[in-house]
Each structure stands twice: as structure tokens, then as C-alpha cells.
Amino acid sequence: MIAWIGIGSNLAEPRLQVARARLALAELPDSRLDWVSDDYWSEPVGGVVQDPFVNAVARLETRLPAEQLLPALHLIEAKAGRRRAQEQVWGPRILDLDLLLYGELQSQEPRLRLPHPEIARRAFVLRPLADYDPELLIPGLGKVSALLPAVAMQRLWRISGEAGASARIGQAC
């Protein structure tokens, strides 16, 4: 199954947190991380005054069911120091790993909402997905290329440099 993971951080050296998350995703059991986008700076959403985020998107081939993958992502967050119970809604995050897509699965279960409910409203998700494939279909919503114009006003900056250079894993960055 192909799963798409959103990665974000705006605390404790965000680029380092995103880089560590990539390594942790590559170590998930029964899974293979095969692509990670460039890093992007994005302005926070939700109205909480805070530092900008570093964001990326990863493509993971996995045999883990979505119901097991999501807690595995939460465990990676916890190991990075995230304490969900103590956080402010839309507030700063040491690490945020979102299960964006899991194949064509659509779910409205309270603990597993797929596609991610905010996917079509976030340039920091759609732009990296478009880097991989602008024709990627978001189940129930349409192609990434068709969703991008709605987020065109959101400020987003591609970060150039060594970390996360939009490559297949194992190729030179």
C-alpha cells in the first residue's frame, strides 16, 4: 500500500526534527520509504502566533494497515518529544506526522480520517505532493493540480540545501 505522510516542525531546530523524522520513517517495520520532498518553510495556520514551520511530504510503501501505521507515526512523534495532551490546538509542534493518504482509503472514523481532513486546504501539503505528481488523485477530492489554485495565496518557500532534496531514497541528494 502507498501511504503519504506529512512532516512538520517549528520547535527545537525544525530542519533537524524533519530530518530525524525521515530517518525514523525509513525504519518503520514492513515499510519502505521511497521518496521525500524538499523541505519547505510555511507560515503557521490557525491564528496562533508562533514561528514558521518546516514541512515535507514522504511516500511510504507499507504493509502496515492504516490502523497500525497511525499509532506508529504517533510513537515517532512521542520519541521526538511531542506531548499531544499538553499542546495548544494549532500551536507549535516539535514534530507533527500526519497520515495524509493511505492508498484510496476513505475513512471518517474519529481516530482515522482519510484523506486527511485538511489536505485540500494546505499549500505545505499540496505543493510537495505536486512535486512528486501533480496528477496524483486525492480520493473524493480530485487531482492535486486541481486543488492547488485554492491555496495559491498561502506563503510557502522551498528550502534549498542538503536536507530533503526531493529525491528517491538512496539517490544522491
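Residues numbered from 1 in each chain as written. Predicted model: local features only at pLDDT ≥ 70, side-chain atom pairs only at ≥ 80, totals over all residues. Heavy atoms only, no water.

**Remarks on helix α3 (residues 123-132)**
Count 3.6 residues to each turn of an α-helix, and residues three or four apart come out pointing the same way. Going by this rule: Buried residues are those whose accessible area, probed at 1.4 Å on protein chains only, stays under 20% of the maximum for their type, while exposed residues exceed 50% and partly exposed ones sit between those limits. Secondary structure elements follow DSSP: runs of H or I of four or more residues count as helices, runs of E of two or more count as strands, with numbering from the N terminus.
Most of α3 sits inside the fold, with 7 of its 10 residues counted as buried. Of all the positions in α3, only Ala123, Phe124, Val125, Leu126, Pro128, Leu129 and Ala130 are classed as buried.

**Topic: the packing of aromatic side chains**
Cut-off, in case you're wondering: Aromatic rings from Phe, Tyr and Trp, with only the six-membered ring used for Trp, were paired whenever their centres fell within 6.5 Å, and each pair was classed as stacked if the ring planes differed by under 30 degrees, edge-to-face if by over 60, and tilted otherwise.
Taken as a whole and assessed by the stated rule, the structure comprises 3 aromatic pairs. With a centroid separation of 5.0 Å and an interplanar angle of 70°, the aromatic rings of Trp4 and Tyr132 are classed as edge-to-face. With Trp4 in strand β1 (residues 2-9) and Tyr132 in helix α3, this pair connects stretches of sequence that are 128 residues apart. The buried category is assigned to Trp4, whose relative accessible area is 4%. Here Tyr132 falls in the partly exposed class, since its relative accessible area comes to 25%. When the centroid spacing of 5.0 Å and the interplanar angle of 65° are considered together, the rings of Trp35 and Tyr132 count as edge-to-face. You can see Trp35 sitting in strand β2 (residues 31-36) and its partner Tyr132 sitting in helix α3, a full 97 residues away along the chain.

**Digging into the pattern of salt bridges**
Worth spelling out the cut-off: Basic side-chain nitrogens of Lys or Arg form a salt bridge, by our definition, when they fall within 4 Å of a carboxyl oxygen of Asp or Glu.
In this structure the tally under the stated criterion is 19 salt bridges. Among the salt bridges present, the one from Arg93 reaches Glu87, with a minimum N-O distance of 3.3 Å. The shortest N-O distance in the salt bridge between Arg158 and Asp131 comes to 3.2 Å. Highlighted residues: Arg158 in strand β10 (residues 156-158) and Asp131 in helix α3, separated in sequence by 27 residues. Members of the salt-bridge network, linked through shared partners, are Glu77, Arg82, Arg84, Glu87, Arg93 and Asp96.

Everything listed here is a matter of coordinates, which is why it stays silent on function.
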